[in-house]
Amino acid sequence: MPSTPTRTARPAVRPARDAFWDMVKALLIFLVILGHSVQFILYPADKGMALVFADSLFKGIYLFHMPCFIAISGYFAAASLRKKGHAALLPTLRRLLLPTCAAALLIIITRYYQGRLTWPHTLHDASTFLWFLTVAAECILCYHLMMWQKHLAYRILILLLAPLMALYISNSPQLYHMWPSATQFTYLWPFFIMGAYLSNRGFTHQHITRKWSLFLPLFLVAYIFFEPHWSIYTAPLRFNLHSLIIHIIRSAAAIVACGAFLWLAHLLSPLSKYPIVSRIGQSTLALYVLQTYAFIILRHMQLHEQAASMGHAVAIITALLLLFGLYYAYRISRKIPGVAQFFYGEQ
């Protein structure tokens, strides 16, 4: 009697990553580098930060690039919560806060070495470097706390209470050192929730259609007529009607700018099939973090401020160009007879 064939269990197949969002994050990282290049190269430290904040290109980039980053973080945080539950929280926080803790440790060591270790100011400065990672971690923590609640009323309470507490602390001189990123959290928390909402509604980049092209003229109109009155997103919020109106207008302009940017990124979506795009973006972010550590050491060793500032931007740009050069050298070398077989084992 023939034996019944046994079925072998197939290994679980991991769902493929959406390369479009990897490409979008890479483009946003490039904008981060461009913004810092404007800040550190065009406007040296001895000219003051007021000129930087008045630069149109700088304000245009800073209007939407970090809100878009945080919205994408909310998009994937919601997806991760649906798939893995609250077990995804600790690994995510560890990945986000480890670079920030390393930067804080560098500041503490350098100031201790110089005898300038004062805890309130040191902790404040330590939290401002790589602050966007800290804010992303804070948003994810609050989102998990909100979704942990079963009752809708409690979720709404946390949704509203978190930014109100951050706004109160950011306006309190006595409490500000306890939460230095409270201002940024207040502004970016709604964008995180917006990204999480779109994720829970099943939004994908396939929903970006020609209609999204309307965001581009809307952004240009807002930029032309309202740009002189914009403040960058780190401008403090106040408990008054004027500040609230500015905050709403700025947030609306940021949403329009994010829509225009995503539509332009959708036009470049054929590039997303090349893994090198996302890899260069990830490598650029890693270089940015490493250069931040170098910048901390140079500045706190009381070396020339302008040299440290320019090195912060120039080194990243040089490394980025080197990555592109290595990639194209690889592509060209694969077409040379004998080289592909010798170095890459290709026939």
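All of these numbers come straight from a predicted model, not from anything done at the bench.

## Structural notes on the overall build of the protein
Item 1. Check the secondary structure of the protein and you find 13 helices and 0 strands.
Item 2. Start at the N end of the protein and walk to the C end: the helices and strands fall as α-α-α-α-α-α-α-α-α-α-α-α-α.
Item 3. Within the protein, buried positions represent 44% of all 347 residues.
Item 4. Sequence-distant contacts, at least 24 apart, represent 76% of the contacts inside the protein between residues at least 6 apart.
Item 5. Accessible area of the protein: about 20,500 Å², with a carbon and sulfur share of 70%.

## Points about a positive patch on the surface
Item 1. Taken together, the side chains of Arg 82, Lys 83, Lys 84 and Arg 95 present a region of like positive charge at the surface.
Item 2. Here Arg 82 lies in helix α3 (residues 56–84).
Item 3. Given the relative accessible area of 47%, Arg 82 is considered partly exposed.

## As for the packing of aromatic side chains
Item 1. Across all of its chains, the model carries 12 aromatic pairs by this definition.
Item 2. Each ring, one from Phe 20 and one from Trp 21, has its centre 5.1 Å from the other, and the planes form 75 degrees; the classification is edge-to-face.
Item 3. Assessed through its relative accessible area of 2%, Phe 20 is described here as buried.
Item 4. Trp 21 gets classed as buried once you look at its relative accessible area, which sits at 4%.
Item 5. Pairing Trp 131 with Phe 132 gives two aromatic rings, centres 6.3 Å apart and planes at 85 degrees, and the pair type is edge-to-face. Judged on exposure class, the residue Trp 131 and its partner Phe 132 are both buried.
Item 6. Put simply, the rings of Tyr 143, Trp 179, Phe 185, Trp 189 and Phe 192 pair up and form one aromatic cluster.
Item 7. Directly above the ring of Phe 76 sits Lys 25, whose terminal nitrogen or CZ lies 5.3 Å from the centroid.

## Considerations on the pattern of salt bridges
Item 1. Taken as a whole and assessed by the stated rule, the structure comprises 1 salt bridge.
Item 2. One salt bridge connects Asp 22 with Lys 25, and the closest N-O pair in it is separated by 3.9 Å. Here Asp 22 and its partner Lys 25 are both found in helix α1 (residues 19–42), 3 residues apart, which amounts to about one turn of the helix.
Item 3. Using a relative accessible area of 27% as the deciding quantity, one classes Lys 25 as partly exposed.

## What to know about the side chain of Ser 170
Item 1. Residue placement: Ser 170 occurs in helix α7 (residues 152–170).
Item 2. Given the relative accessible area of 13%, Ser 170 is considered buried.
Item 3. A polar contact of 3.4 Å, which involves the side chain of Ser 170, links it to the side chain of Asn 171.

## Things to note about the confidence of the model for the protein
Item 1. Per-residue pLDDT for the protein averages 77, and the proportion of residues at 70 or more is 70%.
Item 2. Within the model, the stretch residues 4–15 combines pLDDT values under 50 with 1 contact to residues more than four positions away or in other chains.

## Here's the deal with the environment of Phe 20
Item 1. Counting through the fold element by element, Phe 20 comes out in helix α1.
Item 2. For the pair Phe 20 and Ala 265, spaced 245 residues apart in the sequence, the C-alpha separation amounts to 8.4 Å.
Item 3. In contact with Phe 20, not counting residues within four places along its chain, are His 205, Ile 208, Leu 262, Ala 265, His 266, Ser 269 and Ser 272.

## Details of the packing of α3 against helix α6 (residues 131–148)
Two numbers describe a pair of packed helices, the interaxial angle and the distance between the axes.
Item 1. Contact geometry for α3 and α6: axes closest at 10 Å, N-to-C directions at 40 degrees. With respect to each other, α3 and α6 are oriented oblique. Considering only the axes of α3 and α6, their crossing is right-handed. In this structure, α3 uses Met 66, Ile 70, Ala 77, Ala 78 and Leu 81 to contact α6, whose residues at the interface are Trp 131, Phe 132, Val 135, Ala 136, Cys 139, Ile 140, Tyr 143, His 144 and Met 147.
Item 2. Residues that form the contact of α3 with α6 fall into these classes: 13 nonpolar, 1 polar and no charged.

## Notes on α3
Item 1. Here α3 is 29 residues long and its end C-alpha atoms lie 42 Å apart, about the 42 Å a rise of 1.5 Å per residue gives.
Item 2. Counted residue by residue, α3 has 21 buried out of 29 residues, so it is predominantly covered.
Item 3. Of the residues one or two after α3, Gly 85 is the one with positive phi, at around 75 degrees.

Rules and cut-offs
Residues numbered from 1 in each chain as written. Predicted model: local features only at pLDDT ≥ 70, side-chain atom pairs only at ≥ 80, totals over all residues. Heavy atoms only, no water. Helix = DSSP H or I, 4+ residues; strand = E, 2+ residues; numbered from the N terminus. Buried < 20%, exposed > 50% of the residue type's maximum accessible area, 1.4 Å probe, protein only. Contact = heavy atoms within 4.5 Å. Areas by Shrake-Rupley, 256 points an atom, 1.4 Å probe, with all protein chains shown as cover. Patch = residues over 30% accessible without salt bridge, like charges linked within 9 Å, V, L, I, M, F, W, Y side chains within 5 Å. Salt bridge = Lys/Arg side-chain N within 4 Å of Asp/Glu carboxyl O. Lys, Arg positive; Asp, Glu negative; His and termini not counted. Charge placed at Lys NZ, Arg CZ, Asp CG, Glu CD. Phe/Tyr/Trp six-rings, centres within 6.5 Å; stacked < 30°, edge-to-face > 60°. Lys NZ or Arg CZ within 6 Å of the ring centre and 35° of its normal. Polar contact = N/O pair within 3.5 Å; in protein donor to acceptor, adjacent residues only side chain to side chain. pLDDT = per-residue confidence, 0-100. Axes fitted to C-alpha atoms, helices over the stretch in contact; angles between N-to-C directions. Parallel < 35°, antiparallel > 145°, perpendicular 65-115°, else oblique. Left-handed = near helix turned anticlockwise from the far one by under 90°. Nonpolar A, V, L, I, M, F, W, Y, C, P; charged D, E, K, R; others polar. Expected span 1.5 Å × (residues − 1).

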